[in-house]
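# Commentary on secondary and tertiary structure
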Amino acid sequence: MNATDEVIELCRDLLRIDTTNTGDLDTSAGERAAAEYVAEKLAEVGLQPEIQESAPGRASVVARFEGEDPSRDALLIHGHLDVVPADASEWSVHPFSGEVKDGYLWGRGAVDMKDFDAMVLALVRQMRREGRKPPRDVVLAFVADEEAGSTYGAQFLVDRFPQYFEGVTEAVGEVGGFSVSVSSQQRLYLIETAQKGIDWLRIHAKGRPGHGSMINDDNAVTALAEAVARIGRHRFPIVMTPTVRAFLEQVSQILDIELDLDDPEAAVGKIGPIAMIIGATLRNTANPTRLAAGYKDNVIPGRASATIDCRTLPGQSELFEQQLRDLVGPDIDLEYIHRQPGLETTFDGALVEAMSAALRAEDPGALPVPYMLSGGTDAKQFDKLGIRCFGFSPLRLPDDLNFGALFHGIDERVPVEGLQFGVRVLDRFLQQS
Ligand SMILES: [Zn+2]
């Protein structure tokens with residue numbers, strides 16, 4: 001079977017394996033079954049996949065596909081096998097049915113990211129059947145736990161089995177390479193060259209505990225509320241990173257929008273649905289997400305705390321911490337509960353050329369541009385090994401599809417033709433990589 005046919009079957013099979021990751025070890029299941037499925041498909045074509053479990057059921061698969069010249073640096077292709085939960089009552093089809101309908105393959109994970117897992121599997125299987133090799137070694141990693149912070153998946157592999165990634169200098173993975181239509185003739189393809197950092201903080205206020213009927217001018221809840229409001233209403237200054245600058249310069253030219261680099265928000269407002277993502281990459285952000293204080297209606301507690309979800313631009317984490325301290329003042333304590341730095345690489349070199357050329361060959365109207373993801377992926381883990389990471393999971397999308405809304409969304413689905421396009425692009429890319 002051809003890779004462009006098999007990709008549909010493989011993706012459908014993967015969607016039917018419920019790999020919901022709740023973030024809780026007791027209720028997350030399915031990754032083991034998915035890993036065994038992937039391993040079997042790789043073993044069938046003579047590769048030697050290894051399954052590693054970080055905890056019972058939390059399984060990842062790694063295999064090395066030897067290239068024409070194994071002395072060259074290797075390329076990592078990575079995807080995660082877990083998905084976020086889906087409530088079947090909200091969907092028009094069952095989220096784990098893998099139904100094909102209206103030209104789409106439906107199911108939780110259809111774009112995040114069993115689509116890419118299936119494309120890679122289909123392509124590798126076809127290459128092996130045809131006796132074709134990639135120009136250099138390709139390490140294939142299909143991992144658990146991306147959706148809950150990578151601890152039991154990519155992080156576990158990087159920390160415990162770095163030997164799998166020996167010689168790897170570059171990687172491609174999720175959230176890049178998808179199209180955004182400019183017109184029926186032209187499509188931007190957003191290649192991810194940067195990611196914001198994730199800084200989850202708990203802030204603590206202390207005060208004088210006491211009876212709720214008394215006058216208390218040192219109330220921890222009041223102090224915390226003031227700090228939370230200051231953070232929530234604050235806009236951190238715009239910092240133009242090389243990636244965002246390159247994106248805006250190229251896109252404003254393509255769309256014929258005036259770009260003022262001192263006030264880029266006006267231009268961002270005119271770029272359509274992707275403005276949400278791009279707008280969040282102009283500055284550091286801090287959003288209060290949780291509050292905790294008190295245990296009784298008439299008791300003033302001595303402590304109060306809040307969680308702040310902060311996303312920092314590459315290289316800005318320390319500066320941001322200082323900005324936040326200045327904002328809340330000396331009486332509020334900051335505690336990091338999760339901290340992962342941002343990433344940024346340049347949009348140049350042979351690998352970027354290979355991506356761009358492959359996209360243009362399959363879509364003459366392709367305009368590849370670099371962009372920064374406002375969230376995070378497993379790339380943050382592989383970056384720790386000094387690997388240069390890109391988001392390149394090619395998909396050509398219909399003009400009117402709101403792709404961003406499908407990620408973790410209701411009725412997640414991937415266009416069948418998009419999947420097949422992705423396989424062809426990946427094939428060309430890999431040949432030139
Ligand atoms: Zn994902």
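Now for a quick tour of the structure. (Residues numbered from 1 in each chain as written. Predicted model: local features only at pLDDT ≥ 70, side-chain atom pairs only at ≥ 80, totals over all residues. Heavy atoms only, no water.)

## Considerations on the packing of aromatic side chains
Just so we agree on the cut-off: Aromatic rings from Phe, Tyr and Trp, taking only the six-membered ring of Trp, are treated as a pair when their centres fall within 6.5 Å; an angle between ring planes under 30 degrees marks them as stacked, one over 60 as edge-to-face, and anything in between as tilted. Think of it in three bands: residues with accessible area under 20% of the maximum for their type are buried, residues over 50% are exposed, and the middle band is partly exposed, with areas taken using a 1.4 Å probe on protein chains only. Here, over-ring charges are defined by two tests on the NZ atom of lysine or the CZ atom of arginine: distance to the ring centre within 6 Å, and angle to the ring normal within 35 degrees.
Evaluated as defined, the whole model comprises 10 aromatic pairs. Each ring, one from Phe-403 and one from Phe-407, has its centre 5.1 Å from the other, and the planes form 85°; the classification is edge-to-face. Of the residues examined, Phe-403 reaches a relative accessible area of 8% and is grouped as buried. In textbook terms, an aromatic cluster arises when at least three aromatic residues are bridged by ring pairs, as seen for Phe-156, Phe-161, Tyr-164, Phe-165 and Phe-382. Sitting over the face of the ring of Trp-106, Lys-101 holds its NZ or CZ atom 4.6 Å from the ring centroid. Over the face of the ring belonging to Tyr-336 we find Arg-339, whose NZ or CZ atom lies 3.9 Å from the ring centre.

## Topic: the environment of Ala-35
Cut-off, in case you're wondering: Labels follow the DSSP assignment, with helices taken as runs of H or I lasting at least four residues and strands as runs of E lasting at least two, numbered in each case from the N terminus. Two residues form a contact once any of their heavy atoms are found within 4.5 Å.
Within the secondary structure, Ala-35 sits in helix α2 (residues 31-43). Ala-35 gets classed as buried once you look at its relative accessible area, which sits at 0%. Note: C-alpha distance between Ala-35 and Ser-356 (321 residues apart in sequence) is 31 Å. In contact with Ala-35, not counting residues within four places along its chain, are Ile-51, Ala-59, Val-61 and Leu-81.

## Topic: the nonpolar core
Put simply, the rule reads: Here, nonpolar core refers to any group of buried Ala, Val, Leu, Ile, Met, Phe, Trp, Tyr and Cys residues whose side-chain atoms link them within 4.5 Å.
Counting residues in each nonpolar core, the largest one holds 92 residues, and the members touching the most others are Leu-42, Phe-247 and Phe-429. Residues within four places of Leu-42 in sequence aside, it is in contact with Leu-47, Pro-49, Val-61, Ala-63, Leu-121, Val-124, Leu-140 and Phe-142.

## Concerning the sheet that holds strand β19 (residues 413-415)
The cut-off we apply is this: For two strands to count as paired, DSSP must find a minimum of two bridges between them. Between N-to-C directions, angles span 0 to 180 degrees; the directions come from axes that are lines fitted to C-alpha atoms, helices contributing only their stretch in contact.
Pairing within the open sheet is antiparallel, and its three strands lie in the order β4-β5-β19. The open sheet terminates on both sides in strands that have one partner only, identified here as β4 (100-101) and β19. Relative to β19, strand β5 (residues 104-106) runs antiparallel, the two sharing three bridges. Bridging across to β19, Leu-105 finds its partner in Val-414. The sheet contacts of helix α13 (residues 416-431) involve β4, β5 and β19, and relative to β19 the element is tilted by about 65°.

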